[in-house]
Amino acid sequence: MKCSKCPWNPPQSEAGDYPDCPGTGKETTWKDGEDGCTLTRRQLEKMDEEYSDYLGDMGDDMGIQMDFDNKGWKLEKALDDMRHMIGLDMFKHKPYRRHGKLFYKPYRNYWAGFNKYLDYFSGVLGLAEKLEPEASGKMPYYYLTRRGLDFLGRHIKVTIHNVRD
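Given the structure is predicted, the values throughout are model-derived calculations rather than measurements. Throughout, a residue's number is its position along its own chain's written sequence, starting from 1. Local features are withheld for residues below a pLDDT of 70 in this predicted model, meaning they are given only at 70 or higher, and side-chain atom pairs are given and counted only at 80 or more; totals for whole chains, interfaces and linings count all residues. To obtain the side-chain values, all non-hydrogen atoms of the structure were included, while hydrogens and water were left out.

## Some remarks on the packing of aromatic side chains
At step 1: Stacked, edge-to-face and tilted labels apply to pairs of Phe, Tyr and Trp rings (six-membered ring for Trp) whose centres lie within 6.5 Å, assigned for plane angles under 30 degrees, over 60, and everything in between, in that order. Enumeration over the complete set of coordinates arrives at eleven aromatic pairs.
At step 2: Summarising the aromatic geometry, the rings of F68 and Y117 are spaced 5.7 Å apart at their centres and angled 15 degrees between planes, so their arrangement reads as stacked. Here F68, found in helix α1 (residues 41-71), pairs with Y117, found in helix α3 (residues 116-125); they are 49 residues apart in sequence, far enough to count as distant. Residues F68 and Y117 agree in their burial class; the two are buried.
At step 3: A network of ring pairs unites the aromatic residues F68, W73, Y117, Y120, F121 and F151 as a single cluster. What counts as a helix is a DSSP run of H or I of at least four residues, what counts as a strand is a run of E of at least two, and both are numbered from the N terminus. Think of it in three bands: with a 1.4 Å probe and only protein chains considered, a residue is buried below 20% of the maximum accessible area for its type, exposed above 50%, and partly exposed in between.

## Details of a nonpolar patch on the surface
At step 1: On the surface, a cluster of nonpolar side chains totalling about 520 Å² of accessible area is made up of Y51, Y54, L55, M58 and M62.
At step 2: With respect to the helices and strands, L55 occurs in helix α1.
At step 3: Assessed through its relative accessible area of 37%, L55 is described here as partly exposed. Residues enter a patch when their relative accessible area is above 30% and they make no salt bridge; the linking distance is 9 Å between like charges and 5 Å between nonpolar side chains (Val, Leu, Ile, Met, Phe, Trp, Tyr). Only the protein chains shown count as cover for residues, with accessible areas throughout obtained via the Shrake-Rupley method and a probe of 1.4 Å. Salt bridge, as used here, is a side-chain nitrogen of Lys or Arg placed within 4 Å of a carboxyl oxygen of Asp or Glu.

## Re the environment of R147
At step 1: As for its placement among the helices and strands, R147 is situated in helix α4 (residues 146-156).
At step 2: What makes R147 partly exposed here is its relative accessible area of 44%.
At step 3: Along the backbone, R147 and A128 are 19 residues apart, and their C-alpha atoms lie at a distance of 8.1 Å.
At step 4: By definition in these notes, contact holds between two residues if any of their heavy atoms fall within 4.5 Å. Excluding anything up to four places from it in sequence, R147 contacts D60, L125, G126 and L127.
At step 5: Under the rule applied, a polar contact is a pair of N or O atoms within 3.5 Å (in protein, one hydrogen donor and one hydrogen acceptor; residues adjacent in sequence only if both atoms are side-chain atoms). A polar side-chain atom of R147 sits 2.9 Å from the main-chain carbonyl oxygen of L125.

## Considering the pairing of strand β7 (residues 141-144)
At step 1: On β7, burial follows the alternation: Y142 and L144 on one face are buried, whereas Y141 and Y143 on the facing-out side are not.
At step 2: Strand pairing is assigned whenever DSSP identifies at least 2 bridges connecting the two strands. Inspection of the sheet shows strand β5 (residues 111-112) paired to β7 by two bridges, in the antiparallel sense. Within β7, the position partnered with A112 by the bridge is Y141.
At step 3: Note: strand β6 (residues 128-131) against β7, four bridges, orientation antiparallel. Each residue of the ladder has a partner; that of E129, found in β7, is Y143.

Treat this as a map of the structure, not an account of what it does.
Listed below in C-alpha cells is the structure:
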C-alpha cells in the first residue's frame, strides 16, 4: 500500500521517512517513485486489530495483578489452581509442541469446592463461571470460560484448546 493512501500512515519526518509505520520491514518504492509497503489493507487491519487485542489483554492482566497485590494474594497460587482445573501437570499430562509452540488439550475443566481466587475470577472478569448448588450445604462448581483459558495460556505461554473440541 502506498504511504500517501495508507490510513495508518504516520506523519512524515524531516528526513522524509515513515519511522513508525506498522509495515516496518516491508518497505518498498513503487514504480511511480512513491514510498509504500508490500502489505495489503487487510493485512494492515489484521496487524492493527492484533495489536489492539494485545494492549487490551496486557491492561487486563496488569489490573488483575494489581488487585491481587492489594488483597495480599498470590497470582501464582491462582494460576496453579487454574492449571489443576484443566488437568495440566508437568509430569503426566504435559503440553505438546508443534512448530515451536506449546499446545495443550485439557481432558477436564472443573473445580468442585470453595476457592477465593476462582470466586474473584467468576465475578465481573468473566474468566470463570460459578454454578451454585441446588441444595444447601453442597459445594459450588467452577469451570473456566474461553477468556479464562486464554488468560491462563498467556501466563504459562501455552495455547489451550477447549475441552469439547
